[in-house]
Amino acid sequence: MGTIGFIGAGNMGEALIRGILKANLAAPHQIIIADVNQKRRAQIGERYGVAVSESNSQVAACSEVTILAVKPQIIHSVVKEIGEVAAAGGNKLLISIAAGVRLSSLRACLSEGVRIIRVMPNTPALVLEGMSAICSDGADQEGLATAEKIFSAVGKVVIVEEGLIDAVTGLSGSGPAYVALMIEALADGGVLMGLPRKISQELALQTVLGTARLLMEANYHPAALKDMVSSPAGTTIQGIYALEKAGFRASLMEAVRSAAVRSKELGQS
Ligand SMILES: NC(=O)c1ccc[n+]([C@@H]2O[C@H](COP(=O)([O-])OP(=O)(O)OC[C@H]3O[C@@H](n4cnc5c(N)ncnc54)[C@H](OP(=O)(O)O)[C@@H]3O)[C@@H](O)[C@H]2O)c1
(Lines give C-alpha, C1' and ligand atoms only; values in the text may rest on other atoms or scores of the structure.)
Protein backbone atom coordinates (compact mmCIF):
# COMPACT_ATOMS: atom_id res chain seq x y z
CA MET A 1 0.00 0.00 0.00
CA GLY A 2 1.22 3.54 -0.78
CA THR A 3 1.16 6.54 1.53
CA ILE A 4 -1.84 6.83 3.85
CA GLY A 5 -2.80 10.34 4.92
CA PHE A 6 -4.85 11.43 7.91
CA ILE A 7 -6.66 14.72 8.13
CA GLY A 8 -7.49 14.93 11.81
CA ALA A 9 -5.42 12.87 14.20
CA GLY A 10 -7.73 12.71 17.22
CA ASN A 11 -9.04 9.60 18.96
CA MET A 12 -10.10 7.67 15.90
CA GLY A 13 -7.21 8.90 13.74
CA GLU A 14 -4.74 7.75 16.35
CA ALA A 15 -6.46 4.37 16.78
CA LEU A 16 -6.19 3.78 13.04
CA ILE A 17 -2.55 4.86 12.89
CA ARG A 18 -1.72 2.48 15.74
CA GLY A 19 -3.57 -0.40 14.06
CA ILE A 20 -2.03 0.20 10.66
CA LEU A 21 1.47 0.22 12.14
CA LYS A 22 0.82 -2.83 14.32
CA ALA A 23 -0.54 -4.77 11.33
CA ASN A 24 2.50 -3.67 9.26
CA LEU A 25 0.13 -2.33 6.63
CA ALA A 26 2.40 0.69 6.30
CA ALA A 27 5.69 1.81 7.81
CA PRO A 28 5.75 5.09 9.80
CA HIS A 29 7.30 6.95 6.86
CA GLN A 30 4.33 5.89 4.69
CA ILE A 31 1.89 7.71 6.96
CA ILE A 32 1.39 11.48 6.99
CA ILE A 33 -0.94 13.46 9.19
CA ALA A 34 -2.36 16.97 9.37
CA ASP A 35 -4.30 18.35 12.32
CA VAL A 36 -5.19 21.96 13.14
CA ASN A 37 -4.09 21.30 16.68
CA GLN A 38 -0.32 21.88 16.58
CA LYS A 39 0.25 20.14 19.92
CA ARG A 40 -1.67 17.08 18.78
CA ARG A 41 0.27 16.97 15.49
CA ALA A 42 3.59 17.02 17.29
CA GLN A 43 2.41 14.42 19.82
CA ILE A 44 1.29 11.94 17.14
CA GLY A 45 4.41 12.61 15.07
CA GLU A 46 6.65 11.84 18.02
CA ARG A 47 4.64 8.92 19.34
CA TYR A 48 4.48 6.99 16.05
CA GLY A 49 7.32 8.45 13.97
CA VAL A 50 4.89 9.43 11.20
CA ALA A 51 5.31 12.44 8.92
CA VAL A 52 3.51 15.61 9.92
CA SER A 53 2.19 18.49 7.84
CA GLU A 54 0.49 21.79 8.59
CA SER A 55 -1.47 21.54 5.37
CA ASN A 56 -4.49 19.32 4.72
CA SER A 57 -3.96 19.73 0.97
CA GLN A 58 -0.36 18.62 1.22
CA VAL A 59 -1.46 15.45 3.01
CA ALA A 60 -4.02 14.74 0.28
CA ALA A 61 -1.44 15.51 -2.42
CA CYS A 62 1.11 13.00 -1.22
CA SER A 63 -1.29 10.24 -0.13
CA GLU A 64 -2.77 7.42 -2.16
CA VAL A 65 -5.49 7.09 0.48
CA THR A 66 -6.59 10.03 2.64
CA ILE A 67 -8.64 9.28 5.73
CA LEU A 68 -10.86 12.18 6.76
CA ALA A 69 -10.95 11.80 10.55
CA VAL A 70 -12.34 15.19 11.55
CA LYS A 71 -15.66 15.87 13.27
CA PRO A 72 -18.81 15.74 11.10
CA GLN A 73 -19.38 19.54 11.40
CA ILE A 74 -15.97 20.19 9.81
CA ILE A 75 -15.73 17.54 7.15
CA HIS A 76 -17.42 19.51 4.34
CA SER A 77 -14.98 22.39 4.67
CA VAL A 78 -12.05 19.94 4.70
CA VAL A 79 -13.37 18.17 1.59
CA LYS A 80 -13.71 21.52 -0.20
CA GLU A 81 -10.19 22.44 0.88
CA ILE A 82 -8.62 19.28 -0.55
CA GLY A 83 -11.05 18.80 -3.46
CA GLU A 84 -8.73 20.19 -6.14
CA VAL A 85 -5.83 18.01 -5.06
CA ALA A 86 -8.07 14.94 -4.81
CA ALA A 87 -9.29 15.56 -8.36
CA ALA A 88 -5.79 16.10 -9.73
CA GLY A 89 -5.39 12.45 -10.59
CA GLY A 90 -3.28 9.54 -9.44
CA ASN A 91 -6.40 7.50 -8.64
CA LYS A 92 -6.53 8.90 -5.11
CA LEU A 93 -9.04 7.54 -2.63
CA LEU A 94 -10.75 9.53 0.13
CA ILE A 95 -12.24 7.71 3.12
CA SER A 96 -14.71 9.52 5.38
CA ILE A 97 -15.34 8.20 8.88
CA ALA A 98 -17.60 11.11 9.87
CA ALA A 99 -20.69 9.81 11.65
CA GLY A 100 -23.99 10.66 9.97
CA VAL A 101 -22.45 12.34 6.90
CA ARG A 102 -23.76 10.91 3.66
CA LEU A 103 -21.60 10.30 0.63
CA SER A 104 -23.98 12.38 -1.51
CA SER A 105 -23.34 15.46 0.66
CA LEU A 106 -19.56 14.98 0.39
CA ARG A 107 -19.83 14.32 -3.35
CA ALA A 108 -21.58 17.68 -3.71
CA CYS A 109 -18.32 19.32 -2.58
CA LEU A 110 -16.12 17.30 -4.97
CA SER A 111 -15.48 17.18 -8.70
CA GLU A 112 -16.84 14.26 -10.64
CA GLY A 113 -14.77 11.10 -10.59
CA VAL A 114 -13.14 11.61 -7.18
CA ARG A 115 -13.19 8.29 -5.34
CA ILE A 116 -14.74 8.35 -1.89
CA ILE A 117 -15.72 5.61 0.55
CA ARG A 118 -17.61 5.93 3.82
CA VAL A 119 -16.75 3.97 6.94
CA MET A 120 -18.50 3.75 10.32
CA PRO A 121 -15.96 2.51 12.86
CA ASN A 122 -16.42 2.25 16.63
CA THR A 123 -14.39 3.11 19.73
CA PRO A 124 -12.97 -0.37 20.51
CA ALA A 125 -10.77 0.32 17.46
CA LEU A 126 -8.62 2.01 20.12
CA VAL A 127 -7.68 -1.47 21.39
CA LEU A 128 -7.76 -3.02 17.89
CA GLU A 129 -11.14 -4.67 18.57
CA GLY A 130 -13.21 -2.30 16.49
CA MET A 131 -16.22 -3.06 14.31
CA SER A 132 -16.38 -1.08 11.10
CA ALA A 133 -18.95 -1.02 8.33
CA ILE A 134 -17.88 0.29 4.95
CA CYS A 135 -19.86 1.40 1.92
CA SER A 136 -19.45 3.14 -1.41
CA ASP A 137 -21.99 4.95 -3.53
CA GLY A 138 -20.91 3.24 -6.71
CA ALA A 139 -19.08 0.16 -7.80
CA ASP A 140 -15.67 1.06 -6.47
CA GLN A 141 -14.64 -2.50 -5.57
CA GLU A 142 -10.99 -1.52 -5.38
CA GLY A 143 -11.82 1.32 -2.97
CA LEU A 144 -13.90 -1.01 -0.80
CA ALA A 145 -11.06 -3.55 -0.75
CA THR A 146 -8.56 -0.85 0.27
CA ALA A 147 -10.83 0.39 3.06
CA GLU A 148 -11.43 -3.19 4.19
CA LYS A 149 -7.68 -3.76 4.43
CA ILE A 150 -7.11 -0.59 6.46
CA PHE A 151 -10.00 -1.03 8.89
CA SER A 152 -9.26 -4.74 9.36
CA ALA A 153 -6.08 -3.51 11.06
CA VAL A 154 -8.22 -2.21 13.96
CA GLY A 155 -10.84 -4.95 14.19
CA LYS A 156 -13.52 -6.54 12.06
CA VAL A 157 -15.13 -5.17 8.92
CA VAL A 158 -18.40 -5.66 7.06
CA ILE A 159 -19.47 -4.16 3.74
CA VAL A 160 -23.02 -2.78 3.64
CA GLU A 161 -25.23 -0.58 1.47
CA GLU A 162 -25.10 3.05 2.58
CA GLY A 163 -28.81 2.85 3.45
CA LEU A 164 -27.87 0.51 6.31
CA ILE A 165 -25.22 2.74 7.87
CA ASP A 166 -27.74 4.36 10.25
CA ALA A 167 -28.64 0.91 11.57
CA VAL A 168 -24.91 0.14 11.94
CA THR A 169 -24.51 3.41 13.86
CA GLY A 170 -27.37 2.43 16.17
CA LEU A 171 -25.84 -0.98 16.84
CA SER A 172 -22.02 -1.11 16.68
CA GLY A 173 -21.39 2.65 16.51
CA SER A 174 -23.33 3.47 19.69
CA GLY A 175 -23.17 -0.07 21.10
CA PRO A 176 -19.99 0.39 23.17
CA ALA A 177 -21.94 2.84 25.34
CA TYR A 178 -24.77 0.33 25.88
CA VAL A 179 -22.30 -2.38 26.82
CA ALA A 180 -20.45 0.00 29.15
CA LEU A 181 -23.76 0.78 30.84
CA MET A 182 -24.50 -2.91 31.19
CA ILE A 183 -21.07 -3.62 32.69
CA GLU A 184 -21.49 -0.77 35.16
CA ALA A 185 -24.95 -2.05 36.14
CA LEU A 186 -23.70 -5.63 36.59
CA ALA A 187 -20.91 -4.35 38.83
CA ASP A 188 -23.45 -2.29 40.80
CA GLY A 189 -25.52 -5.45 41.24
CA GLY A 190 -22.48 -7.22 42.68
CA VAL A 191 -21.84 -4.33 45.07
CA LEU A 192 -25.52 -4.40 46.04
CA MET A 193 -25.05 -8.01 47.04
CA GLY A 194 -21.91 -7.31 49.07
CA LEU A 195 -18.98 -7.61 46.66
CA PRO A 196 -16.13 -5.09 46.89
CA ARG A 197 -16.32 -2.64 43.93
CA LYS A 198 -12.99 -3.68 42.38
CA ILE A 199 -13.82 -7.38 42.41
CA SER A 200 -17.36 -6.74 41.18
CA GLN A 201 -16.06 -4.69 38.25
CA GLU A 202 -13.58 -7.39 37.31
CA LEU A 203 -16.28 -10.05 37.40
CA ALA A 204 -18.59 -7.95 35.23
CA LEU A 205 -15.90 -7.10 32.67
CA GLN A 206 -14.56 -10.63 32.30
CA THR A 207 -18.08 -12.08 32.11
CA VAL A 208 -18.95 -9.84 29.15
CA LEU A 209 -15.60 -10.38 27.42
CA GLY A 210 -15.61 -14.14 28.03
CA THR A 211 -19.19 -14.58 26.86
CA ALA A 212 -18.54 -12.66 23.64
CA ARG A 213 -15.42 -14.75 22.96
CA LEU A 214 -17.22 -18.00 23.73
CA LEU A 215 -20.09 -17.13 21.40
CA MET A 216 -17.65 -16.18 18.66
CA GLU A 217 -15.15 -19.00 19.02
CA ALA A 218 -17.61 -21.84 19.63
CA ASN A 219 -19.99 -20.28 17.09
CA TYR A 220 -22.95 -20.78 19.45
CA HIS A 221 -26.27 -19.10 18.88
CA PRO A 222 -26.84 -16.78 21.91
CA ALA A 223 -30.08 -18.59 22.72
CA ALA A 224 -28.25 -21.95 22.79
CA LEU A 225 -25.73 -20.59 25.31
CA LYS A 226 -28.55 -19.14 27.41
CA ASP A 227 -30.30 -22.54 27.45
CA MET A 228 -27.03 -24.31 28.31
CA VAL A 229 -26.46 -22.23 31.43
CA SER A 230 -30.07 -22.17 32.68
CA SER A 231 -30.73 -25.22 34.82
CA PRO A 232 -34.31 -26.02 35.91
CA ALA A 233 -35.37 -23.90 38.90
CA GLY A 234 -31.79 -22.61 39.07
CA THR A 235 -30.28 -19.19 39.66
CA THR A 236 -29.75 -18.18 36.02
CA ILE A 237 -33.34 -18.73 34.89
CA GLN A 238 -34.41 -16.68 37.92
CA GLY A 239 -32.14 -13.84 36.76
CA ILE A 240 -33.44 -14.13 33.19
CA TYR A 241 -37.01 -13.98 34.46
CA ALA A 242 -36.16 -10.71 36.25
CA LEU A 243 -34.62 -9.30 33.06
CA GLU A 244 -37.61 -10.32 30.94
CA LYS A 245 -40.05 -8.75 33.43
CA ALA A 246 -38.05 -5.51 33.18
CA GLY A 247 -38.15 -5.57 29.36
CA PHE A 248 -34.38 -6.02 28.97
CA ARG A 249 -34.43 -7.33 25.40
CA ALA A 250 -36.99 -4.80 24.19
CA SER A 251 -34.93 -2.02 25.83
CA LEU A 252 -31.82 -3.00 23.88
CA MET A 253 -33.78 -3.29 20.64
CA GLU A 254 -35.28 0.12 21.32
CA ALA A 255 -31.82 1.57 22.01
CA VAL A 256 -30.58 0.41 18.60
CA ARG A 257 -33.76 1.65 16.91
CA SER A 258 -33.69 5.09 18.58
CA ALA A 259 -30.01 5.64 17.86
CA ALA A 260 -30.46 4.59 14.22
CA VAL A 261 -33.39 7.00 13.83
CA ARG A 262 -31.29 9.78 15.38
CA SER A 263 -28.40 8.98 13.04
CA LYS A 264 -30.77 9.30 10.07
CA GLU A 265 -32.08 12.64 11.40
CA LEU A 266 -28.54 13.97 11.81
CA GLY A 267 -27.69 12.89 8.25
CA GLN A 268 -30.61 14.95 6.96
CA SER A 269 -29.82 18.11 8.89
N1 LIG B 1 -14.36 8.31 18.27
C2 LIG B 1 -15.22 7.39 17.87
O3 LIG B 1 -15.52 6.44 18.57
C4 LIG B 1 -15.82 7.46 16.50
C5 LIG B 1 -16.65 6.40 16.08
C6 LIG B 1 -17.19 6.48 14.78
C7 LIG B 1 -16.91 7.56 13.96
N8 LIG B 1 -16.11 8.55 14.43
C9 LIG B 1 -15.87 9.70 13.56
O10 LIG B 1 -14.49 9.95 13.49
C11 LIG B 1 -14.29 11.34 13.28
C12 LIG B 1 -13.21 11.80 14.25
O13 LIG B 1 -13.66 11.57 15.58
P14 LIG B 1 -12.67 11.66 16.80
O15 LIG B 1 -13.38 11.09 17.97
O16 LIG B 1 -11.33 11.08 16.41
O17 LIG B 1 -12.55 13.26 16.93
P18 LIG B 1 -11.40 14.11 17.60
O19 LIG B 1 -10.73 13.32 18.68
O20 LIG B 1 -11.99 15.45 17.93
O21 LIG B 1 -10.34 14.30 16.42
C22 LIG B 1 -10.46 15.21 15.36
C23 LIG B 1 -9.15 15.96 15.20
O24 LIG B 1 -9.23 16.77 14.03
C25 LIG B 1 -8.74 18.06 14.34
N26 LIG B 1 -9.28 19.05 13.41
C27 LIG B 1 -10.34 19.90 13.58
N28 LIG B 1 -10.53 20.67 12.49
C29 LIG B 1 -9.58 20.29 11.59
C30 LIG B 1 -9.26 20.73 10.28
N31 LIG B 1 -9.96 21.68 9.66
N32 LIG B 1 -8.21 20.14 9.65
C33 LIG B 1 -7.49 19.17 10.27
N34 LIG B 1 -7.75 18.74 11.52
C35 LIG B 1 -8.79 19.27 12.17
C36 LIG B 1 -9.17 18.27 15.75
O37 LIG B 1 -8.47 19.34 16.37
P38 LIG B 1 -9.26 20.18 17.53
O39 LIG B 1 -9.53 19.22 18.63
O40 LIG B 1 -8.28 21.26 17.89
O41 LIG B 1 -10.51 20.71 16.90
C42 LIG B 1 -8.86 16.90 16.37
O43 LIG B 1 -7.52 16.80 16.76
C44 LIG B 1 -15.64 12.04 13.51
O45 LIG B 1 -16.18 12.44 12.28
C46 LIG B 1 -16.49 10.98 14.14
O47 LIG B 1 -17.85 11.09 13.74
C48 LIG B 1 -15.56 8.52 15.67
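Because the structure is predicted, anything quoted here is derived from the model rather than measured.

Here we come to the pairing of strand β6 (residues 115-120). Counting buried residues along β6, six of its six residues qualify, which places the element largely inside the surrounding structure. Of the strand pairs in this sheet, strand β5 (residues 93-96) and β6 are connected by four bridges, and their pairing is parallel. Residue pairing in the sheet places Leu-94 in a bridge with Ile-116 of β6. Across four bridges, the pairing between β6 and strand β7 (residues 130-136) is antiparallel. Residue pairing in the sheet places Arg-118 in a bridge with Cys-135 of β7.

This part covers unusual backbone geometry. Of note in the backbone geometry, Asn-24 takes a positive phi value of approximately 55° without being a glycine. Turning to its location among the elements, Asn-24 is positioned in the loop between α1 (11-22) and β2 (31-34). Despite not being glycine, Asn-219 has its phi angle at roughly 55°, a positive value. Examined against the element boundaries, Asn-219 turns out to sit in the loop between α9 (197-217) and α10 (222-229).

In this section: the sheet that holds β7. In spatial order, the strands read β3-β2-β1-β4-β5-β6-β7-β8; together these eight strands make up an open sheet with mixed pairing. Either end of the sheet is taken by a strand with one partner, and the two such strands are β3 (51-53) and β8 (155-159). Ignoring which end each strand starts from, the neighbouring axes of this sheet average 25° apart. With respect to the sheet, helix α4 (residues 72-87) is in contact with β1 (4-7), β4 (65-68) and β5, its orientation differing from that of β4 by roughly 165°. Packing of helix α7 (residues 165-173) onto the sheet brings it into contact with β6 and β7, and relative to β6 it is tilted by some 40°.

Where interface size is quoted, it is often the accessible area lost as the parts come together. The domains assigned to the protein chain are domain 1 (4-162) and domain 2 (175-268). Of note, the centres of domain 1 and domain 2, computed from C-alpha atoms alone, are 33 Å apart. Listed by partner, the interface residues are five residues for domain 1 and six residues for domain 2. Together domain 1 and domain 2 conceal approximately 390 Å² of surface at their shared face, both sides included; 61% is due to carbon and sulfur atoms.

Before going further, it helps to examine the site of the ligand. Close to the ligand lie 22 residues, the nearest being Met-12, Asp-35, Val-70, Ala-99 and Thr-123. A distance of 3.3 Å separates a nitrogen atom of the ligand from a polar backbone atom of Val-36. Here Lys-71 contributes a side-chain N or O atom positioned 3.4 Å from an oxygen atom of the ligand. Relative to its unbound accessible area of 890 Å², the ligand is 78% covered by the protein chains. Secondary-structure elements contributing two or more residues to the shell around the ligand are α1 and α4. In terms of residue count, the dominant contributor to the shell around the ligand is α4 (three residues).

The next point concerns the nonpolar core. Counting residues in hydrophobic clusters, the biggest one holds 33 residues, and the most contacted among them are Phe-6, Ile-17, Ile-31, Ile-67, Ile-95, Ile-150 and Phe-151. For this core, the secondary-structure elements that each account for two or more residues are β1, α1, β2, α2 (38-48), β4, β5, β6 and α6 (141-152). If you tally residues by element for this core, the top one is α1, at six residues. In this structure Ile-17 touches Phe-6, Ile-31, Ile-33, Ile-44, Tyr-48 and Val-50, once residues within four positions along its chain are discounted. Among the nonpolar cores identified, the runner-up in size contains 27 residues, and Ile-75, Leu-103, Leu-110 and Ile-165 belong to it.

Before going further, it helps to spend a moment on the packing of helix α8 (residues 175-192) against α9. Each pair of packed helices can be described by the angle between their axes along with the distance between the axes. Between α8 and α9, the shortest axis-to-axis distance is 8 Å and the interhelical angle comes to 135°. One element, α8, and the other, α9, form an angle in the oblique class. Regarding α8 and α9, the two cross each other, and that crossing is right-handed. Here α8 contributes Val-179, Met-182, Ile-183, Leu-186, Ala-187, Asp-188, Gly-190 and Val-191 to the contact with α9, which in turn contributes Arg-197, Ser-200, Gln-201, Ala-204, Leu-205 and Val-208. Residue composition of the contact of α8 with α9, grouped by class: nine nonpolar, three polar and two charged.

What counts and how
Residues numbered from 1 in each chain as written. Predicted model: local features only at pLDDT ≥ 70, side-chain atom pairs only at ≥ 80, totals over all residues. Heavy atoms only, no water. Buried < 20%, exposed > 50% of the residue type's maximum accessible area, 1.4 Å probe, protein only. Helix = DSSP H or I, 4+ residues; strand = E, 2+ residues; numbered from the N terminus. Pairing = 2+ DSSP bridges. Axes fitted to C-alpha atoms, helices over the stretch in contact; angles between N-to-C directions. Contact = heavy atoms within 4.5 Å. Domains from an automatic or database assignment. Buried area = accessible area lost by both parts, 1.4 Å probe. Near = heavy atom within 4 Å. Polar contact = N/O pair within 3.5 Å; in protein donor to acceptor, adjacent residues only side chain to side chain. Areas by Shrake-Rupley, 256 points an atom, 1.4 Å probe, with all protein chains shown as cover. Core = buried A, V, L, I, M, F, W, Y, C linked by side-chain atoms within 4.5 Å. Parallel < 35°, antiparallel > 145°, perpendicular 65-115°, else oblique. Left-handed = near helix turned anticlockwise from the far one by under 90°. Nonpolar A, V, L, I, M, F, W, Y, C, P; charged D, E, K, R; others polar.

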